[in-house]
Amino acid sequence: MIYLKTEEDLEKMRAAATLVSRTLGEVAKWVTPGVTTRQLDNVAREFILDNGGRPACLGYGGFPGTLCIEINETIVHGFPSGRTLVEGDIIGVDTVVELDGFNGDMCYTFPVGEIAPEVRALCETTKESLAIGIEAAHEGRRIGDISNAIQTFCEGRGYTVVREMCGHGIGKKMHEDPEVPNYGRRGTGPILRRGMTIAIEPMINLGSRNIVIEPDGWQCRTRDRKPSAHYEHTIAIHPEGPEVLTTFEYVREALGDRFI
Ligand code: MF3
Ligand code: CO
């Protein structure tokens, strides 16, 4: 069941999306060698609570953190831990904030200090593919048009697309219909309608597309342990075109010339 949002709902979605965007801006200030991912998680949780939000990942199906932490080969749903960031790592930080009954979902992959050129290129392409997916999200087109745009772009540059994990509808619940895969055929899948709100989140690998889910049932990594990148925005479909509800501007402000 796809829930279409009213203008009143969208106002709340915008507020939740702004708070999750500001949260990643706070996290960005702490991403540096020597910091543990648990410290990042504490910064995010306190910031969300101080601003009247609810850290929606925490306790979701038993998930143990406010942030999903995705270091190097981790694709999604990594746990915050005592792991210290090391120069050359990339760290995807994915989180969801609920505010006033609606959710905003966002992910940014940060470089830690200097990173290898091929890893930077992976991040740049993944972030660009998110923008390309968003551009395809016009009323009257289909989910498969978004999926195909992302897949074609990333595979065209020699990367692989994770298939087991998808974007999704979002609203009062973090995960709503429809699924938004990062691969697929144009002209297939649900039609995009005004009032739909979806999270688009390409997960793109440097090596093969194969994944492993750890025995904890959550933490997901590449089978070949090569790096994977992940960026995500929450968007709304309007007759005039897509509205990106989340923003990387707070991350950009915090990172300055380290912004990818
Ligand atoms: N963007 C992630 C997703 O849609 C957020 C997951 S939060 C978690 O899967 F609690 F499920 F980990
Ligand atoms: Co998501």
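What counts, and where the lines are drawn
- Residues numbered from 1 in each chain as written.
- Chains lettered and ligands numbered in written order.
- Predicted model: local features only at pLDDT ≥ 70, side-chain atom pairs only at ≥ 80, totals over all residues.
- Heavy atoms only, no water.
- Helix = DSSP H or I, 4+ residues; strand = E, 2+ residues; numbered from the N terminus.
- Buried < 20%, exposed > 50% of the residue type's maximum accessible area, 1.4 Å probe, protein only.
- Lys, Arg positive; Asp, Glu negative; His and termini not counted.
- Salt bridge = Lys/Arg side-chain N within 4 Å of Asp/Glu carboxyl O.
- Contact = heavy atoms within 4.5 Å.
- Pairing = 2+ DSSP bridges.
- Donors = N, O, S within 2.8 Å, 3.2 Å for Na, K, Ca; no water.
- Tetrahedral: all angles 85-135°; square planar, octahedral: opposite > 155°, others 65-115°.
- Axes fitted to C-alpha atoms, helices over the stretch in contact; angles between N-to-C directions.
- Parallel < 35°, antiparallel > 145°, perpendicular 65-115°, else oblique.
- Left-handed = near helix turned anticlockwise from the far one by under 90°.
- Nonpolar A, V, L, I, M, F, W, Y, C, P; charged D, E, K, R; others polar.
- Near = heavy atom within 4 Å.
- Polar contact = N/O pair within 3.5 Å; in protein donor to acceptor, adjacent residues only side chain to side chain.
- Areas by Shrake-Rupley, 256 points an atom, 1.4 Å probe, with all protein chains shown as cover.

1. Focus on the side chain of D94
Next, step 1: Looking at the secondary structure, you find D94 in strand 4 (residues 90-99).
Next, step 2: Among buried charged residues, D94 stands out as having no salt bridge; its nearest opposite-charge side chain is R54, 14 Å away.
Next, step 3: Residues contacting D94, with those up to four places away along its chain left out, are T66, L67, C68, E70, D105, M106, C107, E201, H230 and E232.

2. Examining the sheet that holds strand 13 (residues 228-230)
Next, step 1: In spatial order, the strands read 6-10-13; together these three strands make up an open sheet with antiparallel pairing. Each of the sheet's edge strands pairs with one partner strand only, and the pair in question is strand 6 (160-161) and strand 13.
Next, step 2: Note: strand 6 against strand 10 (residues 203-205), two bridges, orientation antiparallel. If you follow V161 over to strand 10, its bridge partner there is I204.

3. Digging into the coordination of the cobalt ion (ligand 2)
Next, step 1: Only D105 (OD), H168 (NE2), E201 (OE) and E232 (OE) from the protein coordinate the cobalt ion (ligand 2), and they sit 2.1 to 2.3 Å from it.
Next, step 2: Here the cobalt ion (ligand 2) binds six donor atoms, and the angle range of 70 to 170° at the metal identifies the geometry as irregular.
Next, step 3: The sequence pattern describing where the donors of the cobalt ion (ligand 2) fall on their chain is D-x62-H-x32-E-x30-E. Within this pair, whereas D105 is found in strand 5 (residues 102-111), its partner H168 is found in strand 7 (residues 167-169), the two being separated by 63 residues in sequence.
Next, step 4: On the accessibility criterion, D105 (3% relative accessible area) is buried.
Next, step 5: Residue classification places H168 among the buried positions, given a relative accessible area of 5%.

4. Some thoughts on the packing of helix 3 (residues 117-135) against helix 4 (residues 143-156)
Next, step 1: Where helix 3 meets helix 4, the closest approach of the two axes is 8 Å, and the angle between their N-to-C directions is 150°. Taken together, helix 3 and helix 4 sit at an angle that is classed as roughly antiparallel. Of the two possible hands of crossing, helix 3 and helix 4 adopt the one that is right-handed. For the pair formed by helix 3 and helix 4, the contact residues are T125, E128, S129, I132 and G133 on the first element and I146, A149, I150, F153 and C154 on the second.
Next, step 2: Residue classes in the contact of helix 3 with helix 4 are distributed as six nonpolar, three polar and one charged.

5. Description of the site of ligand 1
Next, step 1: Around ligand 1, the surrounding shell holds 14 residues, and the nearest of these are C57, D94, H168, H175 and E232.
Next, step 2: At 2.7 Å, a side-chain N or O of D94 approaches a nitrogen atom of ligand 1.
Next, step 3: In the model, a nitrogen atom of ligand 1 is placed 2.9 Å from a nitrogen or oxygen of the E232 side chain.
Next, step 4: When the free accessible area of ligand 1 is taken as 340 Å², the share hidden by the protein chains comes to 96%.
Next, step 5: The residue makeup of the shell around ligand 1, split by class, is seven nonpolar, three polar and four charged.

6. Points about the environment of E201
Next, step 1: Relative to the assigned elements, E201 resides in the loop between strand 9 (197-200) and strand 10.
Next, step 2: For the pair E201 and S129, spaced 72 residues apart in sequence, the C-alpha to C-alpha distance is 9.3 Å.
Next, step 3: Residues within four places of E201 in sequence aside, it is in contact with D94, D105, C166, G167, H168, N182, H230, Y231 and E232.

7. Digging into the environment of K12
Next, step 1: As for its position among the elements, K12 is in helix 1 (residues 7-28).
Next, step 2: Taking the relative accessible area as the measure of exposure, K12 reaches 28% and is therefore partly exposed.
Next, step 3: In this structure K12 touches D100 and F102, once residues within four positions along its chain are discounted.

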